[in-house]
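Topology and contacts: notes
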Amino acid sequence: MKGAISLIGGLKAIKLLIVDDETRTRELLRNHIHWQSIGIVEVQTARNGLLALEIAMQWKPDIILCDVLMPKMNGIDFARKYREHDVDCKIIFLSGFSDKEYLMSAIHLKAQTYLEKPVNLDEVRSAVESAIQLRSIELVKQTEETKMLEDYDRSLPVLRREMVRKLITDPSSKHVAPALRSQDTFLLPSEGPYTVAAAMLFWNPSDLPQEPALVQELLLDAFNQNTFFISQKILCGFNAHHLMVLIIPGSYGSTYREGREFIEEVTSELKTLVGDLINLRLGIGKPAHSITDIPNAYKSALLASSLQFYGNAAKPMFFDAVGNNQPIETDWTKIRILREKLKDKDIAGTRAMIQDWTLYAHKQLDLNIIRLKDTYFQFLFTIVETAILLGYAEQTEDMERGYIWKEMERIPSLEALKRYVLEFLDLYVRSMTEKDSIGMGKMREIIKYIRLHCNERSFTIRVIADHCKLSETYLSSYFKKQQGITIKEYITELRLNNAKELLRNMDLKLYEVADQLGFEDANYFTTFFKRYEGSTPSEYRERLT
């Protein structure tokens, strides 16, 4: 639930709006009853119905004390309009006229009660206390109902994920068949055939900073709310290594006669669901004729998904494309030769070795992607170690083994893997040859671009790297070396200073400031500002006045 909600005794804080055109009455009601002692934490006032409607639409009061006769908009018209948006708010009318017409209107609008003027503070307090009790009971009921619904909504994707894990590992378990009878929960028909799909997912942390487990949860929630996948009774989960697994009712193969068109439709829907920030590489396994065949079908889907590493993954890869694949191992003789070429500054020879290795890797088509990546890791780290040994680079966090391996784990294809290693070679070359003046010219270009575009919503480190024709890794290392701070720290400081400048303009509302700075909403902007400034934007503004 968005927005800050104050809690008292586990319940939402009760808010009271006082509406009266008489200043004396408004102030009397506001200041001469100790509202907090009966559970009212926030009180606002309005001098007519028109202003009250504007406040109420934004502020959402729980209880309204409202005069009947007022200029611009009377209390009855105000209540009638506000009731269209909030049927639960408790309304207590005040009037100096015992007019049956007003009483009937109050009853029609489900008023809590009707008090005559001049107001008696004890009567008002008593009427508000009764309204609080009713409102509190309703809130408890709403909270319980919402919690039950949220618990069910949260548990459903988890239950389906666990069923997927059971089906791909131990479908003969005595619990599986009875559970599948509940098709509302697990969707799948209890009898085959089934088609199993497995998808490797790759994304950049600068685009999606969440941990893999959280991304997995978000995708599962989205999948289980998608009408296409629900209508097709497709079960989705993740294995222990964060690979997405789909179990699809029916038998589908690589030809259109075998239902390829439907699998391409599933792929299209899946890519739309995960979005542009996630690179999805889908493999389709051989058909499983029964539940007990699902583990073998799953293994063949994994192989097909791994084969996607050698292409662009524009279309699903079917199991029958998996042919004669050979393992690839690190050639330590080549590593030694590479090191010597680097020491001799034979950059062309080094580049040729990496390109030749890529041709060899493509020929082998090793489906153990971790083993394949390890061979490139050895090439890459040889470049790093040699650069540090010869004084062309410093040992920094982004030059350490663990950091580099995490970066390589996120690389989605062989071609991208080759580019990643060659980018480190470019970094080696630049470190050898780049003069300070050239370096400062490039830095000026980077800083100028950041300053011009940092308030755009699509702004990321990847966007900067693409503009400057650098890899993200090189850009981050280069910026830190030249400026002494990380590029993320620089952007944060710049956005914070821009925020402070905009906050000086008191005519700008917080959501307008947030929008101009490229934030999705005012809440996220407030969180960002408080984290780095130590106070909320509103508190910062108060210090300026």
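The shown structure was predicted, so the numbers you read here are calculated from the model rather than taken from an experiment.

Two numbers describe how helix α14 (residues 369-389) lies on helix α15 (residues 401-409): the axes approach to 10 Å, and their chain directions differ by 135 degrees. When the axis of α14 is compared with that of α15, the two are oblique. You can see that α14 and α15 cross each other, and the crossing is right-handed. Along the contact surface, α14 presents Ile370, Lys373, Asp374, Tyr376, Phe377, Leu380, Phe381, Val384 and Glu385, while α15 presents Arg401, Ile404, Trp405, Met408 and Glu409. Among the residues making up the contact of α14 with α15, the classes are represented as nine nonpolar, no polar and five charged.

Bringing the confidence of the model for the protein chain into the picture now. Of all residues in the protein chain, 90% have pLDDT values of 70 or greater, and the mean over the chain is 84. The low-confidence segment residues 1-11, where pLDDT is below 50, has eleven contacts with residues more than four positions distant or belonging to other chains.

Side chains bearing opposite charge may pair, as long as their charged atoms lie close to each other. All chains considered together, the criterion is met by 17 salt bridges. We note a salt bridge from Arg339 to Glu385, for which the minimum N-O separation is 4.0 Å. Of this pair, Arg339 sits in helix α12 (residues 332-343) while Glu385 sits in helix α14, and the two are 46 residues apart along the sequence. Given the relative accessible area of 35%, Glu385 is considered partly exposed. A salt bridge links Arg351 to Asp426; the shortest N-O distance between them is 3.1 Å. Note that Arg351 is positioned in helix α13 (residues 347-364) and Asp426 in helix α16 (residues 414-433), a separation of 75 residues in sequence. One continuous salt-bridge network, built from bridges that share partners, spans Asp20, Asp67 and Lys117.

Now for the environment of Ile76. Note that Ile76 resides in helix α3 (residues 75-83). Between the C-alpha atoms of Ile76 and Asp331, which are 255 residues apart in sequence, the distance is 85 Å.

This paragraph deals with the sheet that holds strand β11 (residues 278-284). The sheet built from five strands is open, its strands ordered β9-β10-β8-β11-β12 with mixed pairing. At either end of the open sheet lies a strand with only one pairing partner, and these are β9 (235-238) and β12 (317-318). Across two bridges, β11 lies against β12 in parallel orientation. The residue of β12 that forms the bridge with Gly283 is Met317. Its contacts with the sheet put helix α10 (residues 260-274) on β10 (244-249), β11 and β12, and the angle it makes with β11 is roughly 155 degrees.

This brings us to α10. The end-to-end C-alpha distance of α10, which contains 15 residues, comes to 21 Å, matching closely the 21 Å that a straight helix rising 1.5 Å per residue would cover. Turning to α10, the residues buried within the fold contact α8 (212-223), α9 (227-231), β10, β11 and β12.

Across the sheet, which stays open at both edges, the five strands sit in the order β4-β3-β5-β6-β7 with parallel pairing between neighbours. Of all the strands in the sheet, the pair left with one neighbour each is β4 (40-46) and β7 (113-116). Here the average twist between neighbouring strands, direction ignored, is 20 degrees. Judged from the four bridges that link them, strand β6 (residues 90-95) and β7 form a sheet pairing that is parallel.

Following the sequence through the fold, Asn48 ends up in the loop between β4 and α2 (49-59). By relative accessible area, Asn48 is classed as buried at 5%. At 3.0 Å, the side chain of Asn48 forms a polar contact with the backbone nitrogen of Leu50. Apart from the residues within four sequence positions on either side, Asn48 is in contact with Val19, Met70, Pro71, Lys72 and Met73.

Moving on to the pairing of strand β8 (residues 194-203). Where burial is concerned, most of β8 is hidden: ten out of the ten residues are buried. Both faces of β8 are covered, namely the face carrying Tyr194, Val196, Ala198, Met200 and Phe202 and the face carrying Thr195, Ala197, Ala199, Leu201 and Trp203. Pairing of β8 with β10 involves six bridges; the strand directions are antiparallel. By the bridge assignment for β10, Ala198 is matched with Val245. Strand direction decides the pairing type here: β8 and β11, joined by seven bridges, are antiparallel.

Moving on, we get to the side chain of Asp366. Tracing the backbone through its elements, the reader meets Asp366 in the loop between α13 and α14. In this structure Asp366 touches Tyr310, Gln326, Pro327, Ile328 and Arg371, once residues within four positions along its chain are discounted.

We now examine unusual backbone geometry. With the exception of glycine, most residues fall at negative phi, and the peptide bonds are largely trans. A cis geometry characterises the amide bond from Lys117 onward to Pro118, with omega recorded as -5 degrees. Following the sequence through the fold, Pro118 ends up in the loop between β7 and α5 (121-169). Put simply, Gly192 and Pro193 share a cis peptide bond, and its omega is 5 degrees. In this fold, Pro193 is placed in the loop between α7 (183-186) and β8. You will see that Lys60, though not glycine, has its phi angle at about 55 degrees, which is positive. With respect to the helices, strands and loops of the structure, Lys60 is situated in the loop between α2 and β5 (63-67). Non-glycine residue Ala313 carries a positive phi angle of around 60 degrees. Summarising the element assignment, Ala313 is placed in the loop between α11 (294-307) and β12.

This brings us to α12. The terminal C-alpha atoms of α12 lie 17 Å apart, and with twelve residues this matches the ideal 16 Å at 1.5 Å per residue to within 8%. All of the buried residues along α12 are Ile335, Leu338 and Leu342. Looking down the long axis of α12, one finds its buried residues gathered within 60 degrees of arc, a one-sided arrangement. Regarding α12, its N-cap is Asp331, as a side-chain oxygen of that residue lies 3.0 Å from the backbone nitrogen of Thr333 further along. A positive phi of about 60 degrees marks Lys345, the residue just after α12.

Parameters and conventions
Residues numbered from 1 in each chain as written. Predicted model: local features only at pLDDT ≥ 70, side-chain atom pairs only at ≥ 80, totals over all residues. Heavy atoms only, no water. Axes fitted to C-alpha atoms, helices over the stretch in contact; angles between N-to-C directions. Helix = DSSP H or I, 4+ residues; strand = E, 2+ residues; numbered from the N terminus. Parallel < 35°, antiparallel > 145°, perpendicular 65-115°, else oblique. Left-handed = near helix turned anticlockwise from the far one by under 90°. Contact = heavy atoms within 4.5 Å. Nonpolar A, V, L, I, M, F, W, Y, C, P; charged D, E, K, R; others polar. pLDDT = per-residue confidence, 0-100. Salt bridge = Lys/Arg side-chain N within 4 Å of Asp/Glu carboxyl O. Buried < 20%, exposed > 50% of the residue type's maximum accessible area, 1.4 Å probe, protein only. Pairing = 2+ DSSP bridges. Expected span 1.5 Å × (residues − 1). Polar contact = N/O pair within 3.5 Å; in protein donor to acceptor, adjacent residues only side chain to side chain. Arc of directions from axis to C-beta.

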